[in-house]
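One letter stands for each residue in the lines below.
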Amino acid sequence: MSDPLFPAGPVRPSRVKRGVRSQRVRRGVAAGALGALTIVALGVYLVGRDGGDPPPPASRGSGEPHAPIGSMLLALQVTGGPGPSLAVVGVPGDGEPFFMPLSTELTVTMPGQGETSAAGVAALPGDSMRVALSNMAGVWIDHYAVVSLRDLEAAVDEGGGLAVNLPEAYPTATDMLGPGEIIMSGSQVKAFLGGATDDFGVRWEIVLGAMLADPPQLVTNGSAQTDDAEAVNAIVSAADGAEVLDMPTKRISATIVLPEYPTLDELLSASLGSPMPVSTIVQNGSGEPGVGEAVAARIIPEGFRVVLSQNALSFDVNRTDVFANGPEHEAEARAVKAALGVGRVRVTALPSNVADITIVVGKDFTA
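Residues numbered from 1 in each chain as written. Predicted model: local features only at pLDDT ≥ 70, side-chain atom pairs only at ≥ 80, totals over all residues. Heavy atoms only, no water.

**Here we look at the confidence of the model for the protein**
For the protein, per-residue confidence averages 84 on the pLDDT scale, and residues scoring 70 or more make up 81% of the total. Low pLDDT, under 50, characterises residues 1-65; the stretch is placed with 146 contacts to residues that sit more than four places away or in other chains. (pLDDT = per-residue confidence, 0-100. Contact = heavy atoms within 4.5 Å.)

Here it is in structure tokens:
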């Protein structure tokens, strides 16, 4: 129920065009909190705009799905290793398939929980893991799968082994693998990913790339956690030959790595043909647990990203308010109201330096 503050931001070399300009990382935690609270305080002076108004003009987030029709996205996790094995697999409707492994040091905004490490995301239930990765990507991920190393072992053996090209020799608990081209058995894949090593992220990328070069039936039994096993296998199969997309990140401390926005958005937009997500603050004014995640699950598919998730000044808010932080964002605010199914739209005179939209969730919203 308590939502820590989290600024957007981050940078690592990626395959996005060199000419893309990097946007300044958003304000820090203290500045974000002050900006968000200032917006709420300004509500006294805002012009209220209620429900029976005409629908908003067509714009991003006003009815069109954020990912183009025909695209398929998968949030994938393999459990049982020494670190979080997370990735987003994408099959664009008109483009080349890709996979984006996540750094084991990555920190993202989990709506309803605030800043969350990759290990924290990996510990979430599968549907919540999907919300976290969708919010990070700024586009709704269609399906999710959480499989164990034992599940992966079985899938590899059923597929006749996993062909990998190892750039060097990799020790495991059972033998030494590589260098060069080898066919790994399921037990070798399990040992390759299961050991506590400093290069775990590299090993995860190697296995993931090899899996998608010759896709197995990844979900073959009932032990995997997924919303749709058939759809997951279809996405993995359609990702045949997928290339790695390096996530643009920025290291801000010895242990914290953040996604680099808007470079990541431009990279995924180029791959998927999707628009840039609209930055959004979510404040829980109802006091009900799970509000942040529930709101995110409704607005991310409409083209929004939660950049700050926190409690409101009071838990006695009866009616949800959707603030357009500047008149130019009124259409997006109306799209949020439509996605939530409740609330009223209000327009501030001044833009925010934190987000384009602020949602103060009231008791009229049911998660």
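We are not done yet, so read on.
**Let's talk about the nonpolar core**
Ranked by internal contacts, the top residues of the largest apolar core, which has 56 residues, are Met136, Val295, Leu340 and Ile359. Here this core gets six residues from one element, more than from any other, and that element is helix α3 (residues 126-137). Contacts of Ile359, omitting those with residues within four sequence positions, involve Thr280, Ile281, Val282, Gln283, Val295, Ile299, Thr320, Asp321, Val336 and Leu340. (Core = buried A, V, L, I, M, F, W, Y, C linked by side-chain atoms within 4.5 Å. Buried < 20%, exposed > 50% of the residue type's maximum accessible area, 1.4 Å probe, protein only. Helix = DSSP H or I, 4+ residues; strand = E, 2+ residues; numbered from the N terminus.)

**Looking at the sheet that holds strand β2 (residues 72-79)**
The strand order across the open sheet built from six strands is β12-β7-β2-β3-β4-β13, with neighbouring strands paired in mixed fashion. Looking along the sheet, the strands with just one partner apiece sit at the ends: β12 (225-226) and β13 (243-244). Across seven bridges, the pairing between β2 and strand β3 (residues 85-91) is antiparallel. Bridged to Leu74 within β3 is Val89. Strands in contact with α3 are β2, β3, β7 (143-148) and β12; relative to β7, the strand with the most contacts, it is inclined by about 125°. Packing of helix α8 (residues 263-272) onto the sheet brings it into contact with β2 and β4 (98-101), and relative to β4 it is tilted by some 160°. (Pairing = 2+ DSSP bridges. Axes fitted to C-alpha atoms, helices over the stretch in contact; angles between N-to-C directions.)

**With respect to the pattern of salt bridges**
Evaluated as defined, the whole model comprises eight salt bridges. Here Asp321 and Arg346 are joined by a salt bridge, their closest N and O atoms 3.1 Å apart. Here Asp321 is found in strand β18 (residues 321-324), whereas its partner Arg346 is found in strand β19 (residues 344-347), with 25 residues between them in sequence. On the basis of relative accessibility, which here comes to 10%, the residue Asp321 falls in the buried class. Exposure remark for Arg346: the relative accessible area of 15% places this residue in the buried category. Residues joined in a network through salt bridges with shared partners are Asp321, Arg344 and Arg346. (Salt bridge = Lys/Arg side-chain N within 4 Å of Asp/Glu carboxyl O.)

**Quick notes on the packing of aromatic side chains**
Two descriptors summarise a pair of aromatic rings, namely the distance from one centre to the other and the angle between the planes of the rings. A complete count under the given rule lists one aromatic pair for this structure. Above the face of the Phe192 ring, Arg203 is positioned so that its terminal group lies 4.9 Å from the ring centre. Over the face of the ring belonging to Tyr261 we find Arg305, whose NZ or CZ atom lies 3.9 Å from the ring centre. (Phe/Tyr/Trp six-rings, centres within 6.5 Å; stacked < 30°, edge-to-face > 60°. Lys NZ or Arg CZ within 6 Å of the ring centre and 35° of its normal.)

**Description of α8**
Here α8 lies mainly inside the structure; seven of its ten residues are buried. For α8, the elements touching its buried residues are β2, β4, α3, β15 (257-259) and β17 (304-311). Directly beyond the C-terminal end of α8, a positive phi value near 75° is found at Gly273.

**Some remarks on the pairing of β4**
The side-chain alternation of β4 yields two buried faces, one formed by Phe98 and Met100 and the other by Phe99 and Pro101. Strand direction decides the pairing type here: β3 and β4, joined by four bridges, are antiparallel. Residue pairing across strands places Val89 opposite Phe99, the latter belonging to β4.

**Some remarks on the side chain of Thr358**
By the element assignment, Thr358 lies in strand β20 (residues 357-361). Relative accessible area serves as the criterion here: at 0%, Thr358 is assigned to the buried category. For Thr358, the side chain forms a polar contact with the side chain of Asn325, separated by 3.1 Å. (Polar contact = N/O pair within 3.5 Å; in protein donor to acceptor, adjacent residues only side chain to side chain.)

**As for the packing of helix α9 (residues 291-299) against helix α10 (residues 330-340)**
A pair of packed helices can be characterised by two numbers: the angle between their axes and the separation between those axes. The geometry of α9 relative to α10 is characterised by a closest axis approach of 9 Å and an angle of 110° between their N-to-C directions. Classified by the angle their axes make, α9 and α10 are roughly perpendicular. Remark: the crossing between α9 and α10 carries right-handed chirality. Residues Val295, Arg298 and Ile299 of α9 form the contact with α10, whose own contacting residues are Val336, Ala339 and Leu340. (Parallel < 35°, antiparallel > 145°, perpendicular 65-115°, else oblique. Left-handed = near helix turned anticlockwise from the far one by under 90°.)

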